[in-house]
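Listed here are the chains, written in short residue letters.
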Amino acid sequence: MTTIASILPRDFPTPASTADRANVATSRDSTLDRFLKAIERRALRMAELATGSREEALDLVQDAMFGFVRHYAEKPAPEWTPLFYRVLDNRLNDWHRRRRVRLRWIDALFSRDRDAESDALAQVPDPADPGPLLRLAGTQAARALDSALTALPLRQRQAFLLRVWEGFDVAATAASMRCSEGSVKTHLSRALATLRRKLEAHE
Amino acid sequence: MNELDRQPWIDDARALLDESAQAVDAASLSRLNRARQAALAQRRPRRQATWWLPAAGLACSGALLLAIVVWAPLRSTHPVDAAPGTGAAAVQSAEADPIPGDEAFEFYQDLEFYAWLDAQEQESDG
């Protein structure tokens with residue numbers, strides 16, 4: 001699979017003349033096109049896991065593309081990936097805020113059992129254990145993972161997807177989520193514990 | 001050791017997520033493609049937004065000129081409507097010799113009085 005980093009130039013040359021500027025603009029456009037094409041599927045899945053709806057996810061990814069091109073297209077290409085996810089993260093936060101206002105009364109139904117999450121011993125993984133996904137077969141595992149990810153709180157899910165799926169380090173994840181590195185670690189730790197528990201429940 | 005490295009099931013999760021991204025349906029991909037093109041179109045200069053400006057300017061100038069050409073003769077022939085039955089010569093004389101006001105009429109009526117007054121002053125001076 002083509003990685004996003006492999007399609008990005010380190011940076012664009014400084015244009016000297018009008019013709020050079022036109023060439024650089026065209027080159028940047030085509031690189032932007034390739035960048036967005038490489039990232040759009042993952043972005044769609046992230047938005048879909050956050051909203052639970054393909055239609056909503058498509059709208060949010062479209063918004064994120066517009067916002068990214070408008071505000072960050074002129075930034076150096078190696079910075080694009082965390083910046084794109086920052087824009088998408090903003091859109092997802094806005095979407096959740098609006099939804100929370102609309103469906104405030106449902107919040108009580110989603111309250112979590114926080115005692116289990118705060119139990120540090122319960123979160124320590126067993127290295128000898130192959131893990132819950134391996135014990136599930138094919139589509140069943142995919143469905144279980146989708147369901148568990150969808151049920152995660154937004155920040156925990158984003159921390160998990162950016163760190164685990166996108167392969168960001170803690171600093172890049174924190175930059176994309178606009179929070180401290182400590183918060184990223186906390187969100188990720190909780191996400192891993194919750195996912196493991198939920199996936200085991202599917203067995 | 002990294003927290004992620006300690007949990008082998010995470011590799012499976014990553015693989016499942018990759019598979020799900022590759023399995024996005026054609027209709028969604030088409031919409032993503034349109035969204036991408038629309039987003040990139042923001043960066044292109046909007047040529048179609050400016051091509052009509054000179055044409056619109058020319059049309060406005062033409063309309064203004066036409067309005068002046070049509071309106072000016074109508075304004076100049078307006079007195080004809082006000083005094084039907086008079087000819088073009090009468091109209092021209094009316095424009096050249098406009099109707100005098102009330103003060104001018106009084107002056108013409110009292111002209112004999114002013115002539116007499118002038119004569120009286122000359123006699124008294126002589």
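Above this note sits the structure.
Residues numbered from 1 in each chain as written. Chains lettered and ligands numbered in written order. Predicted model: local features only at pLDDT ≥ 70, side-chain atom pairs only at ≥ 80, totals over all residues.

**A closer look at the overall build of chain B**
Then comes step 1: When helices and strands are tallied, chain B shows 7 helices and 0 strands.
Then comes step 2: Ordered by position from the N terminus, the helices and strands of chain B form the series α-α-α-α-α-α-α.
Then comes step 3: The buried share of chain B, reckoned over its 126 residues, is 7%. (Helix = DSSP H or I, 4+ residues; strand = E, 2+ residues; numbered from the N terminus. Buried ≥ 20, exposed ≤ 12 C-beta atoms within 10 Å, placed from the backbone.)

**Describing the overall build of chain A**
Then comes step 1: Helix and strand counts for chain A stand at 10 helices and 0 strands.
Then comes step 2: Counting from the amino terminus, chain A carries its helices and strands in the arrangement α-α-α-α-α-α-α-α-α-α.
Then comes step 3: When each of the 203 residues of chain A is scored for burial, the buried share is 34%.
Then comes step 4: Across chain A, contacts joining residues at least 24 apart in sequence account for 64% of those joining residues at least 6 apart. (Contact = placed C-beta atoms within 7 Å.)

**Quick look at the interface of chain B and chain A**
Then comes step 1: At the junction of the two partners, chain B supplies 26 residues and chain A supplies 35 residues.
Then comes step 2: Of all elements in the fold, only α1 (9–22) and α2 (26–41) of chain B reach the threshold of two or more residues within the side of chain B that touches chain A.
Then comes step 3: Ranked by residues supplied to the side of chain B that touches chain A, first place goes to α1 of chain B with 11 residues.
Then comes step 4: Among the residues making up the side of chain B that touches chain A, the classes are represented as 13 nonpolar, 4 polar and 9 charged. (Nonpolar A, V, L, I, M, F, W, Y, C, P; charged D, E, K, R; others polar.)

**Here's the deal with the nonpolar core**
Then comes step 1: In terms of nonpolar packing, the biggest core is built from 53 residues, with A47, V61, A64 and L88 of chain A touching the most fellow members.
Then comes step 2: Examining the composition of this core, we find that 10 residues originate from one element, helix α2 (residues 18–51) of chain A, more than from any other.
Then comes step 3: With near-sequence residues (within four places) excluded, V61 of chain A lies in contact with E40, A43, L44 and A47 of chain A together with L32 and A35 of chain B. (Core = buried A, V, L, I, M, F, W, Y, C linked by C-beta atoms within 7 Å.)

**Regarding helix α8 (residues 154–165) of chain A**
All names here are of chain A.
Then comes step 1: Taking 1.5 Å as the rise per residue, α8 with 12 residues should run 16 Å; its terminal C-alpha atoms sit 15 Å apart, in good agreement.
Then comes step 2: For α8, the tally of buried residues reaches 10 of 12 residues, placing the bulk of the element in the interior.
Then comes step 3: All buried positions along α8 are accounted for by R155, Q156, R157, Q158, A159, F160, L161, L162, R163 and V164.
Then comes step 4: A positive backbone phi angle near 80° is found at G167, which sits one or two residues after α8. (Expected span 1.5 Å × (residues − 1).)

**Description of unusual backbone geometry**
Backbone geometry follows two general trends: most residues other than glycine have a negative phi, and most peptide bonds adopt the trans configuration.
Then comes step 1: The backbone phi angle of R178 of chain A is positive, close to 50°, even though this residue is not glycine.
Then comes step 2: Within the element layout of this structure, R178 of chain A appears in the loop between α9 (170–177) and α10 (181–202).

**A look at the packing of helix α4 (residues 80–102) of chain A against α9 of chain A**
Residues and elements named next belong to chain A.
Then comes step 1: Relative to each other, α4 and α9 sit at 40°, their axes nearing to 7 Å. It follows from the interaxial angle that α4 and α9 lie oblique. Seen along the crossing, α4 lies across α9 with a hand that is right-handed. Along its contact with α4, which presents P82, Y85, R86 and D89, the element α9 presents A172, A175, S176 and M177.
Then comes step 2: For the contact of α4 with α9, the class distribution of residues is 5 nonpolar, 1 polar and 2 charged. (Axes fitted to C-alpha atoms, helices over the stretch in contact; angles between N-to-C directions. Parallel < 35°, antiparallel > 145°, perpendicular 65-115°, else oblique. Left-handed = near helix turned anticlockwise from the far one by under 90°.)

**Remarks on the environment of R190 of chain A**
All names here are of chain A.
Then comes step 1: Checked against the element boundaries, R190 lands in helix α10.
Then comes step 2: For R190, a count of 21 C-beta atoms within 10 Å gives the class buried.
Then comes step 3: Counting along the chain gives 38 residues from R190 to L152, while the straight-line C-alpha distance between them is 9.4 Å.

Honestly, it's all geometry; don't read function into it.
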